[in-house]
Amino acid sequence: MAKNEAQMDLTQGPIARKLLLFSLPVLYGNVLQSLNGTVNSIWVGKFLGESAFAATSNANNVMFLMLSSIFGIGMASTIMIGQSIGAGDTAQAKRVVGASALFFFTLSLVVGLLGVLLSPQILQWMHTPADAMDMANAYLRIIFMSMPFMFCYNMIMTILRGAGDSKTPFRFLVLSIILDIALNPLLIFGWGPIPALGISGSALATGISQLVALAAILWSLYRKKYFLRITREDRHLLRFDGAIIGSLVKKGVPMGLQMIVVSTSSLAMINLVNRFGSEATAAYGAAIQLSSYIQMPAMAIGGAVSSFAAQNVGAGRWDRVHRVTGVGVMYNVLMTGVLVCLIYLFNRSALSLFLPEGQAIEIGMRINLLTLWSFIIFGITFVVSGVVRSTGAVMFPLLITFLALWCVRIPLSYYLADSYGLDAVWWSFPVGFTLGSLLSVAYYFWGNWKKASMLAGGVQKA
């Protein structure tokens, strides 16, 4: 199997060094994505007002829900590709790419269309503040129109990472972020013949940047003759392969549902916070922006250990799978812990990037004080679950997430909010994270996840 200079064989060599080298481009990419969202939020919050910022906070939660609806398909194909590469079966990996790409694109069109049609109703169900409703709807509809570009672009990135390449996705992610940052003020405020589009301009900038990055990465992969590209001779692989699609659905749907459980719980939380007024919503949106940085190490390491573990499962290297888990947890605690300390040191200054001085900043500081430290615990769950899912064991992580969020965190918040106010909402974060971490670690040590199979039905030969 020919490899370019950006790829690594994850079944050989020192784990700690390779995991770090593989994780860093993913981490940098996640940080840049959050920075991109932060810069866009600063433009909206500082220059268009708190109502506009509340609008984007509500709309972004809905967007995350829609992205989550097909996240599992991409993750399942990534694991299948990783296992195939680890087993040295490039032909099987290519069949997975062809079938999953077609299936993924079809789903992205469906999600985008439904989003455009239903965005006003969804925002109403969330109790979006009345002064933010029109702006949120305008922003969200443009984002949904851009969904196919976003999904296809992210699908290509997950395929590359599953094959052991985290550098190429990072390079094109940088391109999309630079474009988005440059286009936001241009389209929001207008310049010359370009009209001022307000909050719609921010959404349009995101869509354009994703489309350009998608075209650029496709051009690059075909120019370099990437070994997993679909050529003219491979067109027969672009079909709804029953065995592969069956495995994608069986394994991908629970992973997608896990993300939907997370995103719907976020919608439930912001629905509760919205009842306390626009200042509370704006403070919560700013705190979520900061916490997105705190989660970056866990997300990067969790994605990296999935790719590492999948290749080693395919190669039968279980000794390396367990070492990957330990190293991943260690990296999460160190990296997340450092970021938590930094935010605590500069709490007010960090929040003032998004919010004018006033009550909203005071609420945001309280949110950070009670919630940020618990993201270290959340990171442990993310890393352990990433390893467990790499074998195809997807149901128990879904159950753990549902129990921690919908059976503990959300009921606790709603039940206690009337008596204890917003503090009950913030304390529900560490309670839910701790329960999820304990259950995940217990399943890792005593569950039967190692006996799971990603391609239980087998893969038809081309």
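Scoring rules and cut-offs
Residues numbered from 1 in each chain as written. Predicted model: local features only at pLDDT ≥ 70, side-chain atom pairs only at ≥ 80, totals over all residues. Heavy atoms only, no water. Helix = DSSP H or I, 4+ residues; strand = E, 2+ residues; numbered from the N terminus. Rg over C-alpha atoms; globule rule 2.2 N^0.38 Å. Buried < 20%, exposed > 50% of the residue type's maximum accessible area, 1.4 Å probe, protein only. Contact = heavy atoms within 4.5 Å. Areas by Shrake-Rupley, 256 points an atom, 1.4 Å probe, with all protein chains shown as cover. Lys, Arg positive; Asp, Glu negative; His and termini not counted. Charge placed at Lys NZ, Arg CZ, Asp CG, Glu CD. 1 Å grid on protein atoms, 1.4 Å probe; cavity = no way out; pocket = protein on both sides within 12 Å on 5 of 7 lines; lining within 4 Å. Points joined across faces, edges and corners; volume = space filled by probe spheres on them. Nonpolar A, V, L, I, M, F, W, Y, C, P; charged D, E, K, R; others polar. Patch = residues over 30% accessible without salt bridge, like charges linked within 9 Å, V, L, I, M, F, W, Y side chains within 5 Å. Salt bridge = Lys/Arg side-chain N within 4 Å of Asp/Glu carboxyl O. Axes fitted to C-alpha atoms, helices over the stretch in contact; angles between N-to-C directions. Parallel < 35°, antiparallel > 145°, perpendicular 65-115°, else oblique. Left-handed = near helix turned anticlockwise from the far one by under 90°. Phe/Tyr/Trp six-rings, centres within 6.5 Å; stacked < 30°, edge-to-face > 60°.

Caption draft 1: Looking closely at the overall build of the chain. Each helix and strand in the chain was counted, giving 16 helices and zero strands. For 462 residues, the compact-globule formula gives about 23 Å, and the C-alpha radius of gyration of the chain, at 21 Å, lands near that figure. For the chain, the spread of C-alpha atoms along the principal axes amounts to about 60 × 55 × 35 Å. Looking at the chain residue by residue over its 462 residues, the buried ones come to 57%. Sequence-distant contacts in the chain: of pairs separated by 6 or more residues, those separated by 24 or more amount to 84%. Counting only carbon and sulfur atoms, one obtains 69% of the accessible surface of the chain, whose full area is about 18400 Å². A gap of 14 Å separates the mean positions of the 30 positive and 17 negative side-chain charges of the chain.

Caption draft 2: Seen up close, empty space enclosed by the protein. The tally for this structure, following the rule as stated, stands at three cavities of 30 Å³ or more. Empty space within the second largest cavity amounts to approximately 50 Å³. Lining the second largest cavity, in full, are Tyr284, Ala287, Ile288, Ser291, Ile367, Asn368, Thr371, Phe375 and Phe429. In terms of residue count, the dominant contributor to the lining of the second largest cavity is helix α9 (residues 278-294) (four residues). A per-class count over the lining of the second largest cavity returns six nonpolar, three polar and no charged.

Caption draft 3: View of a positive patch on the surface. A contiguous patch of positive charge on the surface is contributed by Lys167, Arg171, Arg223 and Lys224. The topology assignment puts arginine 171 in helix α6 (residues 167-189). For arginine 171, a relative accessible area of 42% gives the class partly exposed.

Caption draft 4: Examining the packing of helix α11 (residues 318-345) against helix α14 (residues 375-389) more closely. Look at α11 against α14: their axes get within 9 Å of each other, and the N-to-C directions meet at 155°. Taken together, the axes of α11 and α14 are roughly antiparallel relative to one another. Taken as a pair, α11 and α14 cross one another with a handedness that is right-handed. Of α14, the residues touching α11 (which contributes Val321, Thr325, Gly328, Val329, Asn332, Val333, Thr336, Gly337 and Val340) are Phe375, Ile376, Gly379, Ile380, Val383, Val384 and Val387. Taken together, the residues of the contact of α11 with α14 break down into 10 nonpolar, six polar and no charged.

Caption draft 5: Local environment of a nonpolar patch on the surface. There is a patch of nonpolar side chains on the surface, built from Val110, Leu113, Leu114, Leu117 and Leu118 and spanning about 450 Å² of accessible area. The residue valine 110 is located in helix α3 (residues 90-125) in this model. Under the relative-accessibility criterion, valine 110 is labelled partly exposed at 44%.

Caption draft 6: The packing of aromatic side chains, seen in detail. Enumeration over the complete set of coordinates arrives at 15 aromatic pairs. With centroids separated by 6.2 Å and ring planes inclined at 75°, the aromatic side chains of phenylalanine 375 and phenylalanine 378 adopt a geometry described as edge-to-face. One end of the pair is phenylalanine 375 and the other is phenylalanine 378, both in helix α14 and three residues apart, which spans about a single turn. Exposure remark for phenylalanine 375: the relative accessible area of 5% places this residue in the buried category. Residue phenylalanine 378 is classed as buried on the basis of its relative accessible area of 17%. Linked through ring pairs, Trp318, Tyr444, Phe445, Trp446 and Trp449 together constitute an aromatic cluster.

Caption draft 7: Spotlight on the layout of surface pockets. Looking at the largest pocket, its volume works out to about 420 Å³. The wall of the largest pocket is formed by 18 residues, among which Val97, Ala101, Ile156, Ile159 and Leu218 lie closest to the centre. Looking at the lining of the largest pocket, the elements that each hand over two or more residues are α3, α5 (147-162) and α7 (199-223). At five residues, α5 tops the list of elements feeding residues into the lining of the largest pocket. By residue class, the composition of the lining of the largest pocket is 17 nonpolar, no polar and one charged. Its boundaries defined by the atoms lining it, the second largest pocket holds a volume of some 320 Å³. Surrounding the second largest pocket, 18 residues form its lining, Tyr293, Ile294, Leu339, Leu342 and Ile343 being those nearest its centre. Secondary structure elements with two or more residues in the lining of the second largest pocket: α1 (15-48), α9, α10 (296-315) and α11.

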